[in-house]
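Coordinate analysis (summary)
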Amino acid sequence: MDEKRGNSGEKTAPEEALTGSVRDYRLPVGTDLLGRVDGFYHWQDLRRQHGLWPYAKSTETAPKTHCAAKTDSGEEISGVNFASQDYLSLSSHPAIKQAAIDAIGEYGVHSAGSGALLGNTRLSLQLEKTISDFMGGPEVVLYPTGWSAGFAAVQGLVRSHDHVVLDVLAHSCLQEGARAATQNIHFHGHLNLEGLTRRLQRIRSADAVNAILVCTESLFSMHSDTPDIAAMRAICDEYDARLLVDCAHDFGCIGDDGLGHIGLQKMIDKVDVIIGSFSKTFASNGGFIAVKTRAVAEYMKYFSATQTFSNALSPAQAATVLAAFEIVASDEGKRRRLSLMDNILYMRSEMAKVDLEALGHPSAIVPVRVGAEGLARIAARELASLGAIANLVEYPAVPQGGARFRVQVMADHTRGDVDALVRLMRQAMQSADLEFRSYREADGSSLKRGAVRWNAASNAA
């Protein structure tokens, strides 16, 4: 398709780079298993060539509040960083770095085995106990990533005759774990308790003998909202179902005690299976599953594939998380959580003043709605060029036409950092709107159909 020229007269991207989604390429057809992916690469690379592929960036410096990075095509960018998952700003904390160094000096860099064989260390066993104590005594099993813990929690317990019921926005690790375990998968509307009840009624009316696992998250990362866990517990009890809660994004960084929404709702001892991730607050890869009995924990160690057949956490990772838990549980941890929440509330307030719409509830994730995918791609390019780094999320990760920036706040951000992001994000959106308008107004443009531009007055999209 011929390139158009924007209002400035400069060349802008072909319309193909502003339309479509990765979902269009999810199910390629044909006998050539490898060659049939070329269509995706053509579309992706077209976006890349015009600065509209915002993914797979790499940091050139530590992922602090300001950092240097590169796009996946090698273009250098730098500025205030709201794209890293380091909510309490622990990844470069001196005590954290020293703990990793000490562990490498003692153990080397590799666990050299799965947890089912010889992969555990004194540090990983200590970490299991530390997490258990922090949560009030459940049995804990470690996993090499948070994703693998979520997958394992479903795949390790559910069998082909059982049922899994998920919030429609449940994380991919839960959905893929369900697909690996059973064909009896049921979705209900996001945070819709009536929908959950209807699903369980239908299942139990047809199947009174097999198990049901209900899966949700304590904080949904694309919408920054949280379920009524007590109400879900009551519904599960009514239909003899078990409740799983993934607390990846709020565990450690939300609440006076750091127990997240599951703690704020006083439900930590009432949920059957709790999943946690170390990569958001605890400065390391890895994750865990917490359950009520030793019997379930031991079963998970040998029947969840990502524990049995994956290498265990490295000694440095286990030491890092141990040091992070020590900080999270201390007065310093409380101060960092207060600083983080102060930044969150200040950001949401400042965004509202300039008609940027922050979705959901206050958390370290601040989703900022943009709207149409093409508009959002241009805005992401502009934001990076202005000196601010934030992640763009678009369909199918969020609803079509609901593209957004997923801003990730850290405890060490200053008000000046927040002010800079708000100012540059508004500037990027205004600039993107001018360019995007030229596509929408072009004769024959598919972007005209159903596309609504961002505007400061209504922020409608």
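Residues numbered from 1 in each chain as written. Predicted model: local features only at pLDDT ≥ 70, side-chain atom pairs only at ≥ 80, totals over all residues. Heavy atoms only, no water.

Glancing now at the sheet that holds strand β4 (residues 139-143). The mixed open sheet is built from seven strands, whose spatial order is β4-β10-β9-β8-β7-β5-β6. Each edge of the sheet is formed by a strand with only one pairing partner; in this case those strands are β4 and β6 (185-188). Averaged over neighbouring strand pairs, the angle between their axes works out to 20 degrees when direction is ignored. As judged from the five bridges shared by strand β7 (residues 212-217) and strand β8 (residues 242-246), these two strands associate in the parallel manner. Opposite Glu-217, over in β8, you have Asp-246 as the bridge partner. Of the strands in this sheet, β5 (163-167), β6 and β7 are in contact with helix α6 (residues 193-206), which crosses β6 at around 155 degrees. (Pairing = 2+ DSSP bridges. Helix = DSSP H or I, 4+ residues; strand = E, 2+ residues; numbered from the N terminus. Axes fitted to C-alpha atoms, helices over the stretch in contact; angles between N-to-C directions. Contact = heavy atoms within 4.5 Å.)

This brings us to unusual backbone geometry. Cis peptide bonds are those with omega within 30 degrees of zero, and the linkage from Tyr-395 to Pro-396 qualifies with 10 degrees. Following the sequence through the fold, Pro-396 ends up in the loop between β13 (391-393) and β14 (403-408). The backbone phi angle of Ala-112 is positive, close to 65 degrees, even though this residue is not glycine. Looking at the element boundaries, Ala-112 is found in the loop between α2 (94-107) and α3 (122-135).

In this section: the nonpolar core. Most often, soluble globular proteins keep nonpolar side chains buried together rather than apart. Counting 94 residues, the largest nonpolar core has Val-214, Phe-278, Phe-405, Val-407 and Met-425 as its most contacted members. Sequence-distant contacts of Met-425, defined by excluding residues within four places in its chain, comprise Met-351, Leu-356, Val-368, Leu-383, Ala-390, Phe-405 and Val-407. (Core = buried A, V, L, I, M, F, W, Y, C linked by side-chain atoms within 4.5 Å. Buried < 20%, exposed > 50% of the residue type's maximum accessible area, 1.4 Å probe, protein only.)

Before going further, it helps to spend a moment on the pairing of β5. For β5, the tally of buried residues reaches five of five residues, placing the bulk of the element in the interior. Judged by which residues are buried, β5 turns out to be covered on both faces: His-163, Val-165 and Asp-167 on one side and Val-164 and Leu-166 on the other are all buried. In this sheet, β6 lies alongside β5 in parallel orientation, the contact comprising four bridges. Paired with Asp-167 across the bridge in β6 is His-188. Each parallel crossover has a hand, and the one from β5 via helix α5 (residues 172-181) to β6 is right-handed. (Right-handed = clockwise from strand over helix to strand, strands pointing away.)

Now for the sheet that holds strand β2 (residues 66-70). The strands making up a sheet are joined through hydrogen bonds of the backbone, oriented either antiparallel or parallel. On the basis of which strands lie adjacent, the open sheet formed by four strands has the order β1-β2-β3-β12 and mixed pairing. Edge strands, defined here as strands with exactly one partner in the open sheet, are β1 (58-59) and β12 (388-389). In this sheet, strand β3 (residues 76-81) lies alongside β2 in antiparallel orientation, the contact comprising five bridges. Paired with Ala-69 across the two strands is Ile-77, which belongs to β3.

Attention now moves to the packing of aromatic side chains. Under the criterion given, the structure shown has 16 aromatic pairs. Here the aromatic rings of Trp-147 and Phe-151 are separated by 5.5 Å at their centres, their planes lie at 15 degrees, and the arrangement is stacked. Of this pair, Trp-147 and Phe-151 both sit in helix α4 (residues 146-155), four residues apart, which is roughly one turn of the helix. For Phe-151, a relative accessible area of 14% translates into the label buried. Of the aromatic side chains, those joined through ring pairs into one cluster are Phe-134, Phe-251, Phe-278, Phe-282, Phe-288 and Phe-325. Across from the ring centre of Tyr-346, 4.2 Å away, lies the NZ or CZ of Arg-415, which sits over that ring. (Phe/Tyr/Trp six-rings, centres within 6.5 Å; stacked < 30°, edge-to-face > 60°. Lys NZ or Arg CZ within 6 Å of the ring centre and 35° of its normal.)

Attention now moves to the environment of Arg-381. On the secondary structure map, Arg-381 appears in helix α13 (residues 373-386). Through-space distance from the C-alpha of Arg-381 to that of Leu-392 is 9.8 Å; in sequence the pair is 11 residues apart. The contacts of Arg-381, once residues within four sequence positions are left out, are His-50, Gly-51, Leu-52 and Glu-435.

Next up on the list: the side chain of Thr-281. For Thr-281, the location among the structural elements is in the loop between β9 (273-277) and β10 (287-291). Here Thr-281 is in contact with Tyr-87, Leu-88, Leu-90, Phe-251, Gly-252, Cys-253 and Val-328, once residues within four sequence places are set aside.

Here α2 crosses helix α11 (residues 315-328) at 145 degrees, and the two axes come no closer than 8 Å. Note that α2 runs across α11; the crossing there is right-handed. On α11, the residues touching Ala-95, Ile-96, Ala-99, Ala-100, Ala-103, Ile-104 and Tyr-107 of α2 are Pro-315, Ala-316, Ala-319, Thr-320, Ala-323, Ala-324 and Ile-327. Its residues assigned to classes, the contact of α2 with α11 shows 13 nonpolar, one polar and no charged. (Left-handed = near helix turned anticlockwise from the far one by under 90°. Nonpolar A, V, L, I, M, F, W, Y, C, P; charged D, E, K, R; others polar.)

Attention now goes to helix α7 (residues 229-238). Since the α-helix packs 3.6 residues into each turn, any two residues three or four apart lie on the same face. Among the residues making up α7, those that are buried are Ile-229, Met-232, Arg-233, Ile-235 and Cys-236. The arc enclosing the buried residues of α7, seen along the axis, measures out at 165 degrees, which places them on a common side. Exposed side of α7, more than 90 degrees from the buried face: Asp-237 and Glu-238 are the residues found there. On its buried side, α7 packs onto α6, β7, β8 and α8 (260-264). For α7, the N-terminal cap is Asp-228; the gap from its side-chain oxygen to the backbone nitrogen of Ala-230 is 3.3 Å. Residue Asp-240 follows α7 closely and has a positive phi angle near 55 degrees. (Arc of directions from axis to C-beta. Polar contact = N/O pair within 3.5 Å; in protein donor to acceptor, adjacent residues only side chain to side chain.)

Turning our attention to the pattern of salt bridges. Applying the stated criterion to the full structure yields 22 salt bridges. Here Lys-270 ties to Asp-269 by a salt bridge, and the two come within 3.4 Å at their closest N and O atoms. Taking relative accessible area as the criterion, Asp-269 reaches 52% and is therefore assigned exposed. Here Arg-294 and Glu-298 are joined by a salt bridge, their closest N and O atoms 2.9 Å apart. Taken together, the residues span about one helical turn, with Arg-294 and Glu-298 both in helix α9 (residues 294-303) at a distance of four residues. For Glu-298, a relative accessible area of 24% puts it in the partly exposed group. When salt bridges that share partners are traced, they join Arg-233, Asp-237, Asp-272 and Lys-292 into one network. (Salt bridge = Lys/Arg side-chain N within 4 Å of Asp/Glu carboxyl O.)

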